[in-house]
Amino acid sequence: LARRNTIRIKQIFFFGCFLQPPSFIGKIGRFLPVRLLNIIPDRLISHILFNRWSSPELISLFRKAINKVNSSNLKKRIKTISTYKKPTQVIDVPCVYIQATMDNLVSAYNLSAFEELCSNLHIEVIEATHMLLQTQPKAMSQLIHKYLQL
């Protein structure tokens, strides 16, 4: 949609996104059984996804969300993530890439792929984890409003 822009997209925001397999975890994820997600200790989920912003509520919401997704769909999604090939067609729509400083799932090297693909890219670096919308909701809301007001 963004490349064709047939629906007149004005701005694209990328939060914790990638254009190539995001990290070592993302690359090996397709080989792991999906049911392992249910037995990952809360402490590990806390560290990987939420870091110092972790709370029992966030971990509970994450587990509920995972359990609502059909396991075969989740497996397909993980496989897609691990084998994703970087697109080549340039996006001319203004884009904002929000890079979390403590993202354990999307490596910082992914930024270069966005720089190559997006002709009008703004980069924002935020102190957060991969779940930056959940751990920094006020800051993300302010950032979105900042760009929508331009």
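Residues numbered from 1 in each chain as written. Predicted model: local features only at pLDDT ≥ 70, side-chain atom pairs only at ≥ 80, totals over all residues. Heavy atoms only, no water.

**Q** How would you summarise the overall build of the chain if you had to cite specific residues and measurements?
**A** The secondary structure content of the chain amounts to seven helices and three strands. Secondary structure elements of the chain occur, N-terminal to C-terminal, as β-α-α-α-α-β-α-β-α-α. Relative to its 150 residues, the chain shows a buried fraction of 41%. Pairs at least 24 apart in sequence give 81% of the contacts found in the chain among residues at least 6 apart. Surface accessibility of the chain: about 9500 Å² in total, with carbon and sulfur atoms responsible for 57%. (Helix = DSSP H or I, 4+ residues; strand = E, 2+ residues; numbered from the N terminus. Buried < 20%, exposed > 50% of the residue type's maximum accessible area, 1.4 Å probe, protein only. Contact = heavy atoms within 4.5 Å. Areas by Shrake-Rupley, 256 points an atom, 1.4 Å probe, with all protein chains shown as cover.)

**Q** An account of the state of the cysteines is needed here, citing residue identities and associated values.
**A** As enumerated under the stated definition, the model contains zero disulfides in all. The thiol of C118 is not disulfide-bonded; the next cysteine sulfur, from C95, is found 3.8 Å away. (Disulfide = S-S within 2.5 Å.)

**Q** Describe in detail the sheet that holds strand β1 (residues 12–15), supporting the description with residues and values.
**A** Ordered in space as β1-β2-β3, the three strands form an open sheet in which the pairing is parallel. Looking along the sheet, the strands with just one partner apiece sit at the ends: β1 and β3 (121–126). Neighbour-to-neighbour, the strand axes of the sheet open up by a mean angle of 20°, direction not taken into account. Sheet topology places strand β2 (residues 95–100) next to β3; six bridges connect them, and they run parallel. Each bridged residue has a counterpart across the sheet, and for V96 the counterpart in β3 is H122. (Pairing = 2+ DSSP bridges. Axes fitted to C-alpha atoms, helices over the stretch in contact; angles between N-to-C directions.)

**Q** Run through the packing of aromatic side chains, naming residues and quoting values.
**A** What the rule picks out here adds up to four aromatic pairs. Taken together through their ring pairs, the aromatic side chains of F13, F15 and Y147 make up a single cluster. (Phe/Tyr/Trp six-rings, centres within 6.5 Å; stacked < 30°, edge-to-face > 60°.)

**Q** Tell me about the packing of helix α2 (residues 42–50) against helix α3 (residues 56–68), and please be specific about residues and values.
**A** The relative placement of two packed helices comes down to the angle between their axes together with the axis-to-axis distance. Contact geometry for α2 and α3: axes closest at 10 Å, N-to-C directions at 95°. On the basis of the axis angle, α2 is roughly perpendicular to α3. Residues D42, I45, S46, L49 and F50 of α2 form the contact with α3, whose participating residues are L58, I59, F62 and R63. When the residues that make up the contact of α2 with α3 are grouped by side-chain class, the tally is six nonpolar, one polar and two charged. (Parallel < 35°, antiparallel > 145°, perpendicular 65-115°, else oblique. Nonpolar A, V, L, I, M, F, W, Y, C, P; charged D, E, K, R; others polar.)

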